[in-house]
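Coordinate inspection notes
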Amino acid sequence: METSHESGIDLDTPAKTVTIDEISRVTGMRQRPPVGIETGAAHAIFEPENAEQIADLIRLCEEHAITLAPVGAGRTLATMRAEPVAIGVSMARMAALVAYEPDDMTVVAEAGMTMGALQDLLAARRQHLPLDPPQPATVTLGALVGAGRSGPCRLSEGTPRDLLIGVRFAGHGGRLVHGGGRVVKNVAGYDLMKVMTGSFGTLGIITEVTFRVRPLPERYRMVRIAFGTIDDAFGTARQINNSVPLIHLEVLSPGAAARVGYSAQAGNYVVSAGICGNRAETDYIAARIDEISAAPVEVLQLASALKEYRAMRDLVHAPGEIALQIAVPPSALERCVSAAGADFRAHAGSGVAQLFISADRPAEEIRDAVDQIRAIAVEARGHLRVTSMPSGLSGVLDIFGTPNAGVMALMRRLKLAFDPAGIFNPGSFVGGL
Amino acid sequence: MDRNAMADSSIPASLAAQLSEIVGEEAIVWRRSELKVYDCDGWTVEKSMPDLLVLPHTTAEVSAVLKALDRHGVAFVPRGAGTGLSGGCLPLNAPVMICTSRMNRILSIDYGNRRVEVESGVVNLHVSNAVKAQGYFYSPDPSSQMACTIGGNVSENSGGPHTLKYGVTTNHVLGAELVLPDGEIVNLGGATEERLGYDLVGALVGAEGTAGIVTRATLKLTREPEGRQTLLAIFADVADATRTVSAIIAAGIIPGAIEMMDNLIIRAVEEAFHIGLPPDAAAVLIIEIDGLSVGLGDRMGQVGRLASECGAGDIRVARDDKEREAIWKGRKRAFGAVGRLAPNYATQDGVVPRTRLPDILREIAAIAERYRLRIGNVFHAGDGNIHPIVLYDERDYDEVRRAIEAGRDILKACVDLGGSLTGEHGIGAEKMAEMPLIFSPDDLIVMSELRRVFDPNQRSNPNKVIPTPGGCVEVSQPHRQAPL
């Protein structure tokens, strides 16, 4: 029902035909054609300046059965869409700081602000938002929450659901809705923050987020250990995790370690543990790890520790690869990544790992490979999500998997309640929602 | 079962017989005299009795009970231990109460994954006790943790003193078995830290019993910190105590807990427990630092210096576990101690941004004066979560009225300062009328829609959380004894 031509896109609906240009004119919103990766995400990119414009847009889209979805950098949406949505709502012009209360350790910002911009603001007061997905500088806060993204520090600080204390979004009927507030402890009303976190734009457009923030760590050190076998690597990681408090704890496959630039450890599995605290604490933890580990322990001081941490945090798939994320009970993680036989970065204490498989083969083979790894995760009472892939594979892979029937029925009801017209990023979330 | 005794009940005799068959006659309470115990929770200002109480033993029984109620279109209210403080399990047009207290087994403990699976009637503290020997604990620790159940904690998203560092219930629940109001059993979330699809567990936690009956929960266990130090700082001025809290946080220190008690509470606690608090102090702070033993001394020294700089007159560091426990006993039983000061008291629960604590305390003092009431304060200072305790005598009609109005004024003051209506007790029956202070009609519509995802016919704990159009619940609830 959507076809591209020179003057924009005609959106044929039973009601009437409207063009993107008309919608742009009626809502007063700036629009532009998608560029780069966005082309797989949306036919046109709208750039609202305030929530009211988004509300108008939603009402029009509901009336004319036009699909829309929020886009940050466009990576997640391009991966999950088999077909682009008609309108991608970029929050680039809604990227302002709304309120920052350093003494209360809370911050409110519009969803288009990037994590990079936010962290700069917070760092001036020696605070940070302790969420660390790959290349955070380019991740918008809307994408961070909408896709529930996290990184190594999830071990100690949790994921967006643990830090998001308030949310505003534009929902069906153009309703401007908020949940939570600006205080760190709050149980008034239903937890709309949890509902919106990880909902991938399928329930509405997040316009503003409120986080609790944390003090920057006093001292950061990285402890790195190389092992010849996966058993020794995970075994030592487990022992360390049970003995001392850590900020993060990763196990990298030899291939992943090489890509991160851990060249001295060539051919080995690498355990990378982050430690924080005052001098006495970091010294103590490093010494304890040294006692526990059978292999030699390398303790990186601040500058090199930060550099190596960033390299490890930013590890993503190479061109021509597919990135998968599995989540299983932590004790099953080693077994699952072993069985998958792919390069990986494992958040060993959290039971979450990113795996990288080659996309340089026929689509059918790729699908079989993903299915096989998903079966391994499901067998371990977990699940798998495709987090990134080359554009040619859109529609070939099941991105999310499907929960059991009872849960799926509830999710269908939730989707229907929040998106009765079926316009918010439809058809590409769990179970085809 | 004596049918005549139930003559004035709204429950059809055929339904009562079915329920009795499902759970056994000994698991049904129907005599008015026995039901009296269940006419309120910790929010004692309002009372309402169910017509029938069911005490199921298994998930299958819960499911069968809900299916029977569904066939008859009868509403129900879930109840754990009844320690809630907002009337969450007060039956409002819900003839049947379903109490999970007999479902109290710890099903499995998985140290390798730091998980425990429990039935919802398990007492909060029993979870920590079960895993203590292995060096773990379940961190949400409401003051009622010796009695309150995990099911109640999940429903109310309970907190406690140690949530400043460790988070509230929702941060520690990975999965839940839920029996939907139509009797269907669903398993939400599960064994992993990432959600597949929508975060239904997150939506369920804090839904205040309006989504059905939680029968099981998978909880995260936390490693016991290697060491703890607890400090008691005594202040002649309340403002100095609140400044100390801000100074500690500003220094980048996140203590396990920072609790504050004001003079009225200090005197009550001292009279009850004799832990050596000076009766003329304006405020005390209890500050607990935990973590590696090797770093504790330095950090506690820093906290002590900050407290001194902010004007603490006397600073005592607990020398051993016994002294530490004595300090915490005073804090956790403060509510009980207050029982010595007046025949009745209502515990309020509001939140302000931490930096506005001095403002809200001034407001509360002014409100107490305005309504000629005594109001004590014991609260979680680290996260701005206040618990004003309003003293009253339920035999004095006018004083009850003033107590309720004072409570509402305190909540309004919290909202005006940028805060919220409840930090950990829930909206329940108590605060529905205040919801429009912080939520717009659109917010409330969307929340109702979320609620109906789980409970399309609104039969699970009806008339709670979201105010119904037409104003206060008091006028619309024939089953409810008027609060005044």
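Residues numbered from 1 in each chain as written. Chains lettered and ligands numbered in written order. Predicted model: local features only at pLDDT ≥ 70, side-chain atom pairs only at ≥ 80, totals over all residues.

Digging into the overall build of chain A
Tallying secondary structure elements over chain A gives 15 helices and 22 strands in all. For chain A, the C-alpha radius of gyration of 22 Å lies close to 22 Å, the compact-globule estimate for 433 residues. Taking the principal axes of its C-alpha atoms as reference, chain A extends roughly 70 × 55 × 40 Å. When the 433 residues of chain A are sorted by exposure, 57% land in the buried category. (Helix = DSSP H or I, 4+ residues; strand = E, 2+ residues; numbered from the N terminus. Rg over C-alpha atoms; globule rule 2.2 N^0.38 Å. Buried ≥ 20, exposed ≤ 12 C-beta atoms within 10 Å, placed from the backbone.)

Things to note about the overall build of chain B
For chain B, the count of helices and strands is 16 helices and 20 strands. Taking 2.2 N^0.38 as the reference for a compact globule, 484 residues should give roughly 23 Å; the C-alpha atoms of chain B span a radius of gyration of 23 Å, in line with that estimate. Taken along the three principal axes of its C-alpha coordinates, chain B extends 70 × 55 × 45 Å. For chain B, buried positions account for 58% of its 484 residues. In chain B, the proportion of contacts linking residues at least 24 apart, taken out of those at least 6 apart, comes to 72%. (Contact = placed C-beta atoms within 7 Å.)

As for the confidence of the model for chain A
All names here are of chain A. With 96% of its residues at a pLDDT of 70 or more, chain A has an overall mean of 93. pLDDT under 50 marks residues 1-8. Its contacts with residues more than four places away, or in other chains, come to 14 contacts. Below a pLDDT of 50 lies the segment residues 12-16, which in the model reaches 6 contacts outside its immediate sequence neighbourhood of four places, other chains included. (pLDDT = per-residue confidence, 0-100.)

Here we look at the interface of chain A and chain B
How big an interface is tends to be stated in terms of the accessible area lost upon association of its parts. Of the residues lining the interface, 60 residues belong to chain A; the matching set on chain B comes to 67 residues. Mapped onto the side of chain A that touches chain B, the elements with two or more residues apiece are α7 (160-163), β12 (176-180), α8 (192-196), α11 (279-292) and α15 (405-418) of chain A. The dominant element in the side of chain A that touches chain B, judged by the number of residues it contributes, is α15 of chain A, at 8 residues.

Notes on the sheet that holds strand β7 (residues 85-90) of chain A
By way of backbone hydrogen bonds, the strands of a sheet pair with one another, either parallel or antiparallel. Residues and elements named next belong to chain A. As summarised here, the arrangement of the 4 strands in space is β4-β5-β7-β6, forming an open sheet in which the pairing is mixed. The two strands at the open ends of the sheet, each matched to only one other strand, are β4 (30-32) and β6 (68-71). Ignoring which end each strand starts from, the neighbouring axes of this sheet average 30 degrees apart. (Pairing = 2+ DSSP bridges. Axes fitted to C-alpha atoms, helices over the stretch in contact; angles between N-to-C directions.)

Here's the deal with the pairing of strand β20 (residues 388-392) of chain B
All names here are of chain B. Most of β20 is tucked away, with 5 of its 5 residues classed as buried. Every second residue of β20 is oriented toward a common face, with Pro-388, Val-390 and Tyr-392 on one face and Ile-389 and Leu-391 on the other, all of them buried. Judged from the 4 bridges that link them, strand β16 (residues 344-347) and β20 form a sheet pairing that is antiparallel. Within the sheet, the bridge partner assigned to Tyr-345 lies in β20 and is Leu-391. Bridge count between strand β18 (residues 375-380) and β20: 3 bridges; the pairing is antiparallel. In the sheet register, Asn-377 faces β20, and the bridge partner there is Pro-388.

Examining the confidence of the model for chain B
All names here are of chain B. Within chain B, residue pLDDT values average 91, and 95% of them lie at 70 or more. For residues 1-5, every residue scores under 50 in pLDDT, and the model assigns this stretch 7 contacts once sequence neighbours within four places are set aside. Below a pLDDT of 50 lies the segment residues 470-484, which in the model reaches 27 contacts outside its immediate sequence neighbourhood of four places, other chains included. This prediction of the complex comes with two scores: 0.94 for pTM and 0.95 for ipTM.

A closer look at helix α14 (residues 363-379) of chain A
Residues and elements named next belong to chain A. Over its 17 residues, α14 runs 24 Å from end to end, which matches the ideal 24 Å to within 8%, given 1.5 Å per residue. Where α14 is concerned, the buried positions are Ile-366, Ala-369, Val-370, Ile-373, Arg-374, Ile-376 and Ala-377. Seen from one end, α14 has its buried residues packed into an arc of 155 degrees, which puts them on one side. Facing away from the buried side of α14, by more than 90 degrees, are the exposed residues Glu-364, Glu-365, Asp-368, Gln-372 and Ala-375. Remark: Arg-381 follows α14 within two positions and exhibits a positive phi of approximately 65 degrees. (Expected span 1.5 Å × (residues − 1). Arc of directions from axis to C-beta.)

Considering the nonpolar core
In terms of nonpolar packing, the biggest core is built from 285 residues, with Leu-68 and Leu-355 of chain A together with Val-284 of chain B touching the most fellow members. Look past the residues within four positions of Leu-355 of chain A in its chain and what remains in contact with it is Leu-324, Ile-326, Val-337, Ala-340, Ala-342, Asp-343, Phe-344 and Ile-373 of chain A. (Core = buried A, V, L, I, M, F, W, Y, C linked by C-beta atoms within 7 Å.)

Focus: the packing of helix α8 (residues 238-250) of chain B against helix α13 (residues 357-370) of chain B
Residues and elements named next belong to chain B. Put simply, α8 and α13 touch, their axes get as near as 9 Å, and they point 150 degrees apart. Comparing their axes, α13 and α8 come out roughly antiparallel. When you trace α8 past α13, the crossing you get is right-handed. Of α13, the residues touching α8 (which contributes Val-238, Ala-239, Thr-242 and Val-245) are Leu-357, Pro-358 and Leu-361. A breakdown of the residues in the contact of α8 with α13 according to their chemical character gives 6 nonpolar, 1 polar and no charged. (Parallel < 35°, antiparallel > 145°, perpendicular 65-115°, else oblique. Left-handed = near helix turned anticlockwise from the far one by under 90°. Nonpolar A, V, L, I, M, F, W, Y, C, P; charged D, E, K, R; others polar.)

Concerning the sheet that holds strand β9 (residues 185-189) of chain B
Residues and elements named next belong to chain B. With antiparallel pairing, the 5 strands of this open sheet are ordered in space as β5-β6-β10-β8-β9. A strand with exactly one partner marks an edge of an open sheet, and here the two such strands are β5 (106-110) and β9. Mean inter-strand twist for the sheet, computed between neighbouring axes without regard to direction, equals 10 degrees. With 5 bridges joining them, strand β6 (residues 115-119) and strand β10 (residues 213-220) adopt antiparallel strand pairing. Residue pairing in the sheet places Arg-115 in a bridge with Lys-220 of β10.

Some remarks on the environment of Ala-55 of chain A
Residue and element names in this part refer to chain A. Note that Ala-55 resides in helix α2 (residues 51-64). For Ala-55, a count of 20 C-beta atoms within 10 Å translates into the label buried. When neighbours within four sequence positions are excluded, Ala-55 is seen to be in contact with Ala-170, Gly-174 and Leu-176.

A short note on the domain arrangement of chain A
Annotation of chain A at the domain level lists domain 1 (2-90), domain 2 (97-215), domain 3 (220-313) and domain 4 (321-393). Measuring from the centre of the C-alpha atoms in domain 1 of chain A to the corresponding centre in domain 3 of chain A gives 46 Å. (Domains from an automatic or database assignment.)

What to know about the environment of Ile-248 of chain B
Residue and element names in this part refer to chain B. Within the secondary structure, Ile-248 sits in helix α8. Owing to 24 C-beta atoms within 10 Å, Ile-248 belongs among the buried residues under this scheme. Each C-alpha atom, one on Ile-248 and one on Leu-306, is 6.8 Å from the other, the two residues being 58 residues apart in sequence.

Description of the packing of helix α1 (residues 13-23) of chain B against helix α3 (residues 59-72) of chain B
Residues and elements named next belong to chain B. It is the contact of α1 with α3, at a shortest axis distance of 9 Å, that shows an interaxial angle of 170 degrees. Classed by the angle they form, the pair α1 and α3 counts as roughly antiparallel. Along the contact surface, α1 presents Leu-15, Gln-18, Leu-19, Ile-22 and Val-23, while α3 presents Glu-61, Ala-64, Val-65, Ala-68 and His-72. Partitioning the contact of α1 with α3 into residue classes produces 7 nonpolar, 2 polar and 1 charged.

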